[in-house]
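One-letter residues, chain by chain:
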Amino acid sequence: MIQHREEFLETIGMSLGRAVNTTDKPQRNWKYAPQKKGYQGLSQDDLLEILEKQCQNIHTDVVKTTVEELPQALEQVVENYGGGPISMWQDPRFNQYKLKSLYEEIWPRKGYEISQWKEELGEKNIENAEKANIGLTFSEYALAESGTVVLFSDKEQGKSVGLLPNSFIAIVKKSTIVPRMTQVAQILNKRVESGETLPSAIDFVSGPSNSADIEMKLVVGVHGPIHATYIILIDE
């Protein structure tokens, strides 16, 4: 419920010397739109190469694998990070890519504590993510220019999984790599215009947390994951 909306807009309209428009969408027919022209004509392989190079700059590992070999690749990355506890989404894609045996059989046998994000757990989900060694998610899109993965939050896909654990793993389909944030914004805008309800939160995560506030010296792992790995499915 928006209160005093009309009065507020009328005050601004009077100050600008123009009528208030609350019905017609503004036209954005800019003469120049450089944000749309960057990286034009590049293939998915080209974008993957750009993403890999940028990930080197942001201290993020990239592992390329196939759908068939994904379980082995994921198991190896988890081992490299020292195992559990693991906080992960409750996402049908884990079953789709035949990863169920990892978190239901193999990892529990190794003594790794597994916590899936469940709506009924409430604040306990955040506590599980805070104490987790690894956070495991799927990326909806990846931005080649900045080495960023885009995470959609939902009732079974909490944003804390990608922000609180010591290490962060995102599974990325090569087909979802786009040049930059411009393309994701365009995709989301079309979804809104079609009447689709967007996720409760959309997070742009660019590798492990870092800061260079003090004398421009980069410190990695300041207020979030210390390590990050993107597992790229090159045949998806």
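In this report, we go over the structure that sits alongside the text. Note that the coordinates shown come from a computational prediction; the quantities given were computed from them, not determined experimentally.

## A look at the side chain of Ser153
Looking at where Ser153 falls in the secondary structure, it is placed in the loop between β6 (148-152) and β7 (167-173). Among the polar contacts made by the side chain of Ser153, one reaches the side chain of Asp203 at a distance of 3.4 Å. Excluding residues within four positions of it along the chain, Ser153 makes contact with Gly158, Lys159, Pro199, Ser200, Ala201 and Asp203.

## Re the sheet that holds strand β3 (residues 114-116)
One open sheet holds the six strands; their spatial order is β1-β12-β7-β4-β2-β3, and the pairing between them is parallel. Each edge of the sheet is formed by a strand with only one pairing partner; in this case those strands are β1 (61-65) and β3. For this sheet, the mean inter-axis angle between neighbouring strands, taken without regard to orientation, is 20°. Across the sheet, helix α4 (residues 70-80) lies against β1, β2 (86-88), β4 (134-138), β7 and β12 (227-233), angled at about 170° from β12, the strand it touches most. Lying over the sheet, helix α6 (residues 100-109) contacts β2, β3 and β4, oriented at roughly 155° with respect to β3.

## Let's talk about the sheet that holds strand β9 (residues 202-205)
One open sheet accounts for four strands, arranged β8-β5-β6-β9; its pairing is mixed. Bordering the open sheet on either side are β8 (177-178) and β9, each of which pairs with just one other strand. As defined by bridge partners, β6 adjoins β9 across four bridges and the pair is classed as antiparallel. Counted as the bridge partner of Phe152 is Ile202 from β9. Against the sheet, helix α8 (residues 181-193) touches β5 (141-143), β6, β8 and β9, its axis set at about 150° to β5.

## Focus: the pattern of salt bridges
Here the structure, examined in full by the defined rule, presents 12 salt bridges. Between Lys53 and Glu49 there is a salt bridge whose closest N-O contact spans 3.5 Å. Of this pair, Lys53 and Glu49 both sit in helix α3 (residues 44-57), four residues apart, which is roughly one turn of that helix. As a salt-bridge pair, Lys124 and Glu127 come within 3.8 Å of each other at their nearest N and O atoms. With a gap of three residues between them, Lys124 and Glu127 both fall in helix α7 (residues 124-131), about one helical turn apart. Its relative accessible area of 39% is what places Lys124 among the partly exposed residues.

Criteria and thresholds
Residues numbered from 1 in each chain as written. Predicted model: local features only at pLDDT ≥ 70, side-chain atom pairs only at ≥ 80, totals over all residues. Heavy atoms only, no water. Helix = DSSP H or I, 4+ residues; strand = E, 2+ residues; numbered from the N terminus. Polar contact = N/O pair within 3.5 Å; in protein donor to acceptor, adjacent residues only side chain to side chain. Contact = heavy atoms within 4.5 Å. Pairing = 2+ DSSP bridges. Axes fitted to C-alpha atoms, helices over the stretch in contact; angles between N-to-C directions. Salt bridge = Lys/Arg side-chain N within 4 Å of Asp/Glu carboxyl O. Buried < 20%, exposed > 50% of the residue type's maximum accessible area, 1.4 Å probe, protein only.

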